[in-house]
Amino acid sequence: MLRIKRVPTVVSNYQKEGLEEGCGRNCLRKCCIQGAKLPLYTFKRMGNLVYEKDLIGDEKRVPPVSFLDSLLLGEWEDRMQRGLFRYDVTVCETKVIPGEYGFIAQLNEGRHLKKRPTEFRVDKVLQSFDENKFNFTKVGKEEVLFQFEESKDDEVQFFPNAPIDIDNSPSVVAINVSPIEYGHVLLIPRILECLPQRIDHESFLLALYMTTEAGSPYFRLGYNSLGAFATINHLHFQAYYLAVPFPVEKAPTQKITTLGVGVKISELLNYPVRGLVFEGGNTLQDLSNAVSDSCICLQDNNIPYNVLISDSGKRIFLFPQCYAEKQALGEVNAELLDTQVNPAVWEISGHMVLKRKKDYEEASEENAWRLLAEVSLSEERFQEVKALIFGAIESSNEEADGTPKCPKELGAMSKITHPTAVPGKQECLVLH
Amino acid sequence: MRAHGIGIHRCTKETRRRRTTMESQLGLIDQSFDDQYSTWVREALDELPDNFTITDPCISGHPIIFASRGFLKMSGYSKDEVIGRNGRIFQGPNTNRKSVMEIREAIREERTIQITLLNYRKDGMPFWMLFHLSPVFSKEDGRVIHFVAVQVPISRKWRSFGIGFGRNGGNSVEDESRLRGVVFGSCRREVCADSMAELACVQVLDAYVELDRGLDIEESCVASDLEKQKAETAIDSILSVLTHHSGLTGRLVCGKRCSLAGKGLLGSSLNISLGRIKQSFVLTDPHFSDMPIVYASDAFLRLTGYARHEVLGRNCRFLNGPDTDAEAIFHIRDSIRTEQTCTVRILNYRKDKSSFWNLLHISPVRNASGKIAFYVGVQIEEGCKNEGDQGLSPKMRQLGAVGAVKVAVRTLSMGAGSSKS
């Protein structure tokens, strides 16, 4: 069993160890939730083209700040003024590091507490939900901004004061009280169902819709699996605004294949962390499923990973990683450990939050690269994982066609030798 | 459970609002030319054979304000379908997202970019072109007035017979030459013996022929030196037309930034971002004496009845009048002094001297250094029928505007090499 010790990020003001029961704090559990109301935003399910959203109405210009943006930013600013955040992130100095990629560094001494570190198990990507640990039903209702659901009426709607449907758990957007940037929120799918931190098709599609609804290429969503620096084992995504390109978005890519459903999959080139890029798709759902199939494959194979949804849902990055494992095995350079940077999705994408002034002042593209290179899978291992992923995508595409399901020998394999994957063709991957 | 559905209002309020917005936008577009250049600039631009568009980053939406004849022919759109729209309407499913991002960044950083890009005609046909974007600077204060974008269709060699065009996959040389003949025919009808136009026709045709259905479109495309030269030459001629005609109004422009941005003026990237915020608000700069207004939204101008040049550079106190409560003014001043947010209900006056109750919310806005760069003041006219009602309470919309301003100011001041914001 591999573990590392670190101070978890506090995302809610109620995230304490040894919580008293029976709260009276207006949380989202059975004790308080009856009759509770929250604003509700419902989005319209998209039809065919991913581009349909751009062509709606006369708004073919750079659209005005979208409704969802106004709602999210307005509610966020409201919570700022009510003092719900642990610090004012806009006071934190931030800069783009000069260099080819423009890594972003922020000096944030307040984000990481001077607390006693907790132990995290890092060798199991799938762990079952533990009621006793902190989860998002324990947050105070004031930390929740609004419910986010699919519309039943085929159009975008907003209800300023909608009751929470306990039987059909809504998905909600809540604040992250230790924000990396202005507008940092958490998207919690079907919060009352208390799903563990693992991606499923429906949840990922919801996350993708959030980026398309926001309509700004600078509003990005991220996901960290367990073992890849997720702090809380309750299904959640993170999101915030940053109006500069992320370094990973600038990296060149090389196309691997285009799936039958129009999803183009490429490999990142010349970037410290190896990863895949998903784009296109005949429908948003096709794109979503290609990514979630890949994530599920990684989860089932116990490979930690991070996901970045960028460009308003048009480009999705998938990074399998192994830093936590290396850390547990004592294989990480002490100098890097001292920076206390836990390379989760934002760091991997190129946004580094630094705790020490020295690290901030000396931040360079070279340093950032060096840290992130430690996170990446080796070339050999990445190719193996890539083959695994393609096998999973292909077999799931076949199932959709009604042809016989591929033998799922991908299951509990730890060693893969000479996979016979032929990406892009309708052949079954069989691993020996 | 009542919905403040956006959909419910769509038929009546939305259409009316959109129509008014479009009308006022077209007014702004005309003004964009008239303020800067002499009356004959449009004719002069129309005489240029190149494909290009001119956009104005200061108008909300960063719309196209001019499209050349060549551009309209190339893209298949009519003038009315293009003016007022943003360049993204020419993008489509196979347009490389990374290239789009690079163009966005060049605009943000107010610099030139030359990049190959896949665009789509009105009829849906994709085509590759060399896209060359250049900012146009005001000589007076160095700010970006317009962007000029030149599009040179990329012509490629004939491929093997196997490549067809159009959706049927018909693969014969006869098909291709038949199409070529048709194109030539219509070209000849319009333009007589103009070798440039003929060349353009051939180039456009070549670009089409290379296209396939959907998935087989090439990943990238390289422009030839000749095409790059064409782009450079085009930009030069356009800039020289603009410079000449701006000389006649005395408000000179040039292709390179000649002077530092003027006192307190915002870079165009911040202007573009702020232009997306629909609420009435101003940005004031506490670093200059008397805290002048450095940005005023269109909605603010509509609310108060002033023109932009009448408010920029002035302190907000011109909105106060005979019956404005001194205590409210004091409260505002005090909050600013202590760097706090504040909300006051204050009696303000429009240009025509009529008064209105202003639910004013003021907040400090920090930039990437973490220090206060501006103050934002968001106005709500009490009792006013909410324009474009979106179901958000006035307070929420006010805070939403504050949030959007904070995001824009903070992140747009981060870049190495981004202009003053």
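Conventions used here
- Residues numbered from 1 in each chain as written.
- Chains lettered and ligands numbered in written order.
- Predicted model: local features only at pLDDT ≥ 70, side-chain atom pairs only at ≥ 80, totals over all residues.
- Heavy atoms only, no water.
- UniProt positions renumbered as here; feature names shortened; annotations may be inferred.
- Helix = DSSP H or I, 4+ residues; strand = E, 2+ residues; numbered from the N terminus.
- Buried < 20%, exposed > 50% of the residue type's maximum accessible area, 1.4 Å probe, protein only.
- Contact = heavy atoms within 4.5 Å.
- Domains from an automatic or database assignment.
- Phe/Tyr/Trp six-rings, centres within 6.5 Å; stacked < 30°, edge-to-face > 60°.
- Lys NZ or Arg CZ within 6 Å of the ring centre and 35° of its normal.
- Axes fitted to C-alpha atoms, helices over the stretch in contact; angles between N-to-C directions.
- Parallel < 35°, antiparallel > 145°, perpendicular 65-115°, else oblique.
- Left-handed = near helix turned anticlockwise from the far one by under 90°.
- Nonpolar A, V, L, I, M, F, W, Y, C, P; charged D, E, K, R; others polar.
- Pairing = 2+ DSSP bridges.
- Salt bridge = Lys/Arg side-chain N within 4 Å of Asp/Glu carboxyl O.
- Polar contact = N/O pair within 3.5 Å; in protein donor to acceptor, adjacent residues only side chain to side chain.
- Core = buried A, V, L, I, M, F, W, Y, C linked by side-chain atoms within 4.5 Å.
- Disulfide = S-S within 2.5 Å.

- Taking an unreviewed UniProt entry as the reference, chain B is identified by name as LOV domain-containing protein belonging to Tetracentron sinense.

- Chain A goes by GDP-L-galactose phosphorylase in an unreviewed UniProt entry, where it is assigned to Tetracentron sinense.
- In the Subcellular location (unreviewed entry) part of its UniProt record, chain A is described as follows: "Cytoplasm".
- Annotation of chain A in UniProt includes, under Sequence similarities (unreviewed entry), the sentence "Belongs to the GDPGP1 family."

## Here's the deal with the overall build of chain A
Phase 1: Per the secondary structure count, chain A includes twelve helices and 17 strands.
Phase 2: Looking at chain A as a whole, 62% of its 432 residues are labelled buried.
Phase 3: For chain A, the proportion of contacts with a sequence separation of at least 24, taken over those separated by at least 6, is 74%.

## Some words on the domain arrangement of chain B
Phase 1: Domain annotation of chain B identifies domain 1 (10-155 + 223-254) and domain 2 (268-416).
Phase 2: For domain 1 of chain B versus domain 2 of chain B, the separation of C-alpha centres amounts to 31 Å.

## A word on the packing of aromatic side chains
Phase 1: Overall, the coordinates contain 29 aromatic pairs over all chains when judged by the stated rule.
Phase 2: On the basis of an interplanar angle of 25° and a centroid distance of 4.5 Å, the ring pair of Phe-43 of chain A and Tyr-209 of chain A is categorised as stacked. A residue pair is termed long-range when its members are at least 10 positions apart, and Phe-43 of chain A in strand β2 (residues 37-43) and Tyr-209 of chain A in helix α4 (residues 201-214) qualify at 166 residues. Here Phe-43 of chain A and Tyr-209 of chain A have matching classes, each one buried.
Phase 3: One aromatic cluster is present, built from ring pairs that chain together Tyr-41, Phe-43, Phe-67, Phe-148, Phe-158 and Tyr-209 of chain A.
Phase 4: Directly above the aromatic system of Phe-246 of chain A lies the positively charged group of Arg-220 of chain A, at a separation of 4.0 Å from the ring centroid.
Phase 5: The ring centre of Trp-357 of chain B lies 3.9 Å from the NZ or CZ of Arg-345 of chain B, which sits over that ring.

## Examining the packing of helix α9 (residues 268-275) of chain B against helix α13 (residues 394-412) of chain B
Residues and elements named next belong to chain B.
Phase 1: The interhelical angle for the contact between α9 and α13, taken along N-to-C directions, is 160°, at an axis separation of 10 Å. Viewed along their axes, α9 and α13 adopt a mutual orientation that is roughly antiparallel. Handedness of the α9/α13 crossing: right-handed. On the side of α9, the interface is formed by Ser-269, Leu-270, Ser-273 and Leu-274, while α13 contributes Val-405, Ala-408, Val-409 and Leu-412.
Phase 2: Taken together, the residues that form the contact of α9 with α13 break down as six nonpolar, two polar and no charged.

## Comments concerning the sheet that holds strand β12 (residues 253-258) of chain A
Residues and elements named next belong to chain A.
Phase 1: The strand order across the open sheet formed by twelve strands is β7-β2-β6-β8-β9-β11-β10-β15-β16-β14-β13-β12, and the pairing between neighbours is mixed. Taken across any chain shown, the strands that pair with only one partner, and hence form the sheet edges, are β7 (157-163) and β12. Strand-to-strand twist in this sheet, taken as the mean axis angle between neighbours without regard to direction, amounts to 25°.
Phase 2: In terms of strand pairing, β2 meets strand β6 (residues 144-150) through four bridges, oriented parallel. Residue Thr-42 lies in a different strand from β6, and its bridge partner there is Glu-149.
Phase 3: Against the sheet, α4 makes contact with β2, β6, β8 (172-175), β9 (185-188), β10 (219-224), β11 (237-241), β15 (305-310) and β16 (315-320), and its axis sits at roughly 160° relative to β10, the strand it touches most.

## Re the UniProt feature "domain: PAS" (unreviewed entry) in chain B
Phase 1: The UniProt feature table records "domain: PAS" (unreviewed entry) at residues 37-110 and 293-339 of chain B.
Phase 2: Within the segment residues 293-339 of chain B, helix and strand shares are 49% and 9% respectively, and the terminal C-alpha atoms sit 17 Å apart.

## Here we look at the pattern of salt bridges
Phase 1: Enumeration over the complete set of coordinates arrives at 35 salt bridges over all chains.
Phase 2: Glu-193 of chain A is the salt-bridge partner of Arg-190 of chain A, the closest N and O atoms lying 3.4 Å from each other.
Phase 3: A single salt-bridge network, built from bridges that share partners, covers Glu-75, Asp-78, Arg-79 and Arg-82 of chain A together with Lys-395 of chain B.

## Description of the side chain of Glu-267 of chain A
All names here are of chain A.
Phase 1: In this fold, Glu-267 is placed in strand β13 (residues 263-268).
Phase 2: In this structure Glu-267 comes out as buried when scored by relative accessible area, which is 15%.
Phase 3: A polar contact of 2.7 Å, which involves the side chain of Glu-267, links it to the side chain of Lys-386.

## Quick look at the sheet that holds strand β8 (residues 293-296) of chain B
Residues and elements named next belong to chain B.
Phase 1: Spatially, β8-β7-β11-β10-β9 is the arrangement adopted by the five strands of the open sheet, whose pairing is antiparallel. This sheet does not close on itself; its edge strands, each paired only once, are β8 and β9 (342-349). Strand-to-strand twist in this sheet, taken as the mean axis angle between neighbours without regard to direction, amounts to 30°.
Phase 2: As paired strands, strand β10 (residues 355-366) and strand β11 (residues 372-379) are joined by six bridges and run antiparallel to one another. Paired with Ser-363 across the two strands is Val-376, which belongs to β11.
Phase 3: Its contacts with the sheet put α9 on β7 (280-284), β8 and β11, and the angle it makes with β8 is roughly 45°.
Phase 4: Lying on the sheet, helix α12 (residues 326-337) is in contact with β9, β10 and β11; it crosses β9 at an angle near 135°.

## Here's the deal with unusual backbone geometry
Phase 1: Even without being glycine, Asn-270 of chain A reaches a positive phi, approximately 50°.
Phase 2: Its place among the elements puts Asn-270 of chain A in the loop between β13 and β14 (276-280).
Phase 3: Given a relative accessible area of 46%, Asn-270 of chain A falls into the partly exposed group.
Phase 4: Even without a glycine there, the phi angle at Asp-290 of chain B is positive, about 65°.
Phase 5: Within the fold, Asp-290 of chain B resides in the loop between β7 and β8.
Phase 6: Given the relative accessible area of 45%, Asp-290 of chain B is considered partly exposed.

## A few points about the side chain of Thr-90 of chain A
Phase 1: Here Thr-90 of chain A is to be found in the loop between α3 (67-81) and β3 (94-96).
Phase 2: Among the polar contacts made by the side chain of Thr-90 of chain A, one reaches the side chain of Asp-88 of chain A at a distance of 2.6 Å.

## Focus: the nonpolar core
Phase 1: Tyr-41, Phe-148, Phe-278 and Val-307 of chain A together with Leu-274 and Leu-283 of chain B are the most contacted members of the largest nonpolar core, which has 97 residues in total.
Phase 2: Examining the composition of this core, we find that ten residues originate from one element, α13 of chain B, more than from any other.

## Concerning the state of the cysteines
All names here are of chain A.
Phase 1: What the rule picks out here adds up to zero disulfides over all chains.
Phase 2: Cys-295 carries a free sulfur, and the closest cysteine sulfur to it, the one in Cys-297, is 9.5 Å from it.
Phase 3: For Cys-295, a relative accessible area of 0% gives the class buried.

## Observations concerning the packing of α3 of chain A against α13 of chain B
Between two packed helices, what matters for the description is the angle formed by their axes and the separation of those axes.
Phase 1: Close contact between α3 of chain A and α13 of chain B brings their axes to 7 Å; oriented N to C, the two are set at 90°. Judged by the angle between their axes, α3 of chain A and α13 of chain B are roughly perpendicular. Together, Ser-70, Leu-73, Gly-74, Glu-75, Glu-77, Asp-78, Met-80 and Gln-81 of chain A of α3 of chain A and Lys-395, Met-396, Leu-399, Gly-400, Val-402, Gly-403, Ala-404, Lys-406 and Val-407 of chain B of α13 of chain B make up the contact between the two elements.
Phase 2: Of the residues that constitute the contact of α3 of chain A with α13 of chain B, the class distribution is seven nonpolar, five polar and five charged.

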